[in-house]
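So the chains spell out like this:
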Amino acid sequence: TKWIQDLADTQNAQGLFGNQAPVFHGHGAAAWACAGIICPWTIHQVYGDTQILEKHYDAMARYMEACGKDGLGGRKAQTWGDWLAPGDRPPTELISAAYFAYTSKLMADMARALGKTDDAAKYDKQFQDIRAHFQKSFVEPDGKIKSDLQTAYCMALYYDLLTPEQRKQAEAHLVERIKKDNYHLTSGFLGIPILLPTLTEMGRSDLAYRILQNTTYPSWGYSIDQGATTIWERWNSYSKDKGFGDVSMNSFNHYSLGAVGEWMFRSLLGIETDGAGFKKILMKPELGEGITWAKGHYDSIRGRIGSDWKIEDSAFDWKITIPPNSTATVFVPAKDASSVTESGKPAGDAEGVKFLRMENNTAVYAVGSGTYQFQSQL
């Protein structure tokens, strides 16, 4: 909350937020300065707090107005693009348009949360207009996204910038791009947070798991093999054969490449808020080849949410904890509902558990607060 105020204090006469707080690299870079929109929304989602939206709404609106002065492409005068990508980078115009669309969508959601219905309609229309501009400017007739890079496809897909037909085409092109990249990531700072989530959203968590477990450059496993115990600024900030990289910009305590942690909480452990503030919770782990167990917890505003699962001999065993005054929709991987038990009883008969439906090889249940032990056959 304090840092959001620091960022708000950087806003210049044009209405642009600083690229950092305190400012040391100017104002208005697409993605970087957009933290002035993205971070208040994220804090609202995690804590259910509308005060931060109310406090900074006018400043956020001024920022969006300033970005719009550059047209539907958004603020494109300065951006570092997909910074430090091991491969090429998408055009800065594409990135600017994608972030202008994304922040417009978030502004519409924040306006709705505050009951500002006219503003919500205005930003919804702005999103649709930028979306149409994106399709016209960066999407080819066969669904390829300009630059044909992982980050470009992920932005188009994850930020909902495509028609249903273009989405199908782009998903296929992203898979081919990953194959062409030898099943390695080639994304930089902007692509890393959305690469694995995009694949999971597509129904290709198998590819997300494969990329996650790579140990050759560039990958998280490669850095670990080189001795990493922290998140580095570059995949090869240090290597055993070449030593340290360029010391002028070679942080060994950096945020960006660690954004995979969000996917690990949301998809590997399966912990996600259903609406703002974890009053309602989604528990939906994605399983994938090569990883047979996962254990972790998230200390939410409402208390600890736990997820501890393992697979052994086609049997899935999952212990979950839902905090007080919360409810959860639980997706248990299973071949059928009849194979699911909770604490040794048929799950549908267990106390505090209500069967809802079967969906995509998962049995879906509604549960209240407490600790549950689900078992199923895969």
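Okay, so let's go over this structure.

1. Section: the layout of surface pockets
In this structure, the second largest pocket occupies an estimated 310 Å³ of space. Residue lining of the second largest pocket: 13 residues in total, with Gln-20, Trp-32, Phe-189, Glu-233 and His-254 positioned closest to the centre. Here the residues of the lining of the second largest pocket sort into seven nonpolar, five polar and one charged.

2. So, helix 8 (residues 192-201)
In terms of burial, helix 8 is largely enclosed, as eight of its ten residues are buried. Of the residues making up helix 8, those classed as buried are Ile-192, Ile-194, Leu-195, Leu-196, Pro-197, Thr-198, Leu-199 and Thr-200. Where helix 8 is buried, its residues meet helix 6 (150-158), helix 7 (164-180), helix 9 (205-212), helix 10 (220-225) and helix 11 (260-268). Backbone geometry just downstream of helix 8 places Gly-203 in the positive-phi region, at approximately 85°.

3. A few points about the sheet that holds strand 8 (residues 327-333)
If you trace the five strands from one edge of the open sheet to the other, you get 3-4-8-12-11, paired in mixed fashion. A single partner strand is all that each edge strand has here, and the edge strands are strand 3 (271-273) and strand 11 (353-358). Adjacent strand axes in the sheet meet at a mean angle of 25°, parallel and antiparallel pairs treated alike. Pairing of strand 11 with strand 12 (residues 362-367) involves five bridges; the strand directions are antiparallel. Of the residues in strand 12, the one forming a bridge with Val-353 is Val-367.

4. Digging into the pattern of salt bridges
Applying the stated criterion across every chain, the model contains 16 salt bridges. Here Glu-176 and Lys-179 are joined by a salt bridge, their closest N and O atoms 3.5 Å apart. With Glu-176 and Lys-179 both in helix 7 and three residues apart, this pair spans about one turn of that helix. Judged by relative accessible area, Glu-176 falls into the partly exposed class, the value being 42%. By relative accessible area, Lys-179 is classed as partly exposed at 39%.

5. Comments concerning helix 4 (residues 92-113)
For helix 4, spanning 22 residues, the distance from its first C-alpha to its last is 31 Å, which sits close to the expected 32 Å at 1.5 Å a residue. Of the residues one or two after helix 4, Gly-115 is the one with positive phi, at around 75°.

6. Structural notes on empty space enclosed by the protein
Under the counting rule described, the total for this entry stands at two cavities of 30 Å³ or more. Approximately 50 Å³ is the volume attributed to the largest cavity. Contributing to the lining of the largest cavity are Ile-4, Leu-7, Ala-8, Phe-17, Gly-36, Pro-40, His-56, Ala-59 and Met-60. Among the elements of the structure, helix 1 (2-8), helix 2 (35-47) and helix 3 (51-68) are those that each provide at least two residues to the lining of the largest cavity. Each residue belonging to the lining of the largest cavity can be placed in one class, and the counts come to seven nonpolar, two polar and no charged. As a volume, the second largest cavity reaches approximately 40 Å³. Lining the second largest cavity are Ala-30, Cys-34, Tyr-63, Cys-67, Gly-74, Arg-75, Ser-96, Tyr-99 and Phe-100. Elements supplying a minimum of two residues to the lining of the second largest cavity: helix 3 and helix 4. Considered class by class, the residues forming the lining of the second largest cavity number six nonpolar, two polar and one charged.

7. Things to note about the nonpolar core
Across soluble globular proteins, nonpolar side chains show a tendency to be buried alongside one another. Counting 102 residues, the largest nonpolar core has Phe-134, Leu-196, Leu-199, Trp-220, Met-283 and Phe-374 as its most contacted members. Looking at this core element by element, the count peaks at twelve residues for helix 4.

8. Topic: the sheet that holds strand 6 (residues 303-312)
If you trace the six strands from one edge of the open sheet to the other, you get 5-6-7-13-9-10, paired in antiparallel fashion. Since the sheet does not close on itself, it has two edges, and those belong to strand 5 (293-300) and strand 10 (345-346), each with one partner. Note that strand 9 (residues 341-342) and strand 10 share two bridges and pair antiparallel. Across the sheet, the residue bridging to Thr-341 is Pro-346, located in strand 10.

9. A closer look at unusual backbone geometry
Omega for the bond connecting Ala-21 with Pro-22 falls within 30 degrees of zero, at -5°, which places this linkage in the cis form. Along the chain, Pro-22 turns up in the loop between helix 1 and helix 2. The omega angle of the peptide bond from Tyr-217 to Pro-218 is -10°, so this bond is cis rather than trans. Mapped onto the secondary structure, Pro-218 falls in the loop between helix 9 and helix 10. In the Ramachandran plot, Asp-313 falls in the positive-phi region, its phi being about 55° despite a non-glycine side chain. Structurally, Asp-313 can be placed in the loop between strand 6 and strand 7 (315-322). Looking at Asp-313, the relative accessible area reads 72%, which means it is exposed.

10. Regarding the state of the cysteines
Under the defined criterion, the tally for this structure stands at zero disulfides. Note on Cys-34: no disulfide assigned, nearest cysteine sulfur contributed by Cys-67 at a separation of 5.7 Å. Between Cys-154, a free cysteine, and Cys-34, which holds the nearest cysteine sulfur, the sulfur-to-sulfur gap is 18 Å. Given a relative accessible area of 0%, Cys-154 falls into the buried group.

11. Details of the packing of helix 8 against helix 9
Between two packed helices, the angle of one axis relative to the other and the distance separating the axes together describe the packing. At their nearest, the axes of helix 8 and helix 9 sit 7 Å apart, and the two run at 150° to each other. Accordingly, the angle class assigned to the pair helix 8 and helix 9 is roughly antiparallel. Between helix 8 and helix 9, the residues in contact are Leu-195, Leu-196, Leu-199 and Thr-200 and Ser-205, Leu-207, Ala-208, Ile-211 and Leu-212, respectively. When its residues are assigned to classes, the contact of helix 8 with helix 9 shows seven nonpolar, two polar and no charged.

Basis of the calculations
- Residues numbered from 1 in each chain as written.
- Predicted model: local features only at pLDDT ≥ 70, side-chain atom pairs only at ≥ 80, totals over all residues.
- Heavy atoms only, no water.
- 1 Å grid on protein atoms, 1.4 Å probe; cavity = no way out; pocket = protein on both sides within 12 Å on 5 of 7 lines; lining within 4 Å.
- Points joined across faces, edges and corners; volume = space filled by probe spheres on them.
- Nonpolar A, V, L, I, M, F, W, Y, C, P; charged D, E, K, R; others polar.
- Buried < 20%, exposed > 50% of the residue type's maximum accessible area, 1.4 Å probe, protein only.
- Helix = DSSP H or I, 4+ residues; strand = E, 2+ residues; numbered from the N terminus.
- Contact = heavy atoms within 4.5 Å.
- Pairing = 2+ DSSP bridges.
- Axes fitted to C-alpha atoms, helices over the stretch in contact; angles between N-to-C directions.
- Salt bridge = Lys/Arg side-chain N within 4 Å of Asp/Glu carboxyl O.
- Expected span 1.5 Å × (residues − 1).
- Core = buried A, V, L, I, M, F, W, Y, C linked by side-chain atoms within 4.5 Å.
- Disulfide = S-S within 2.5 Å.
- Parallel < 35°, antiparallel > 145°, perpendicular 65-115°, else oblique.

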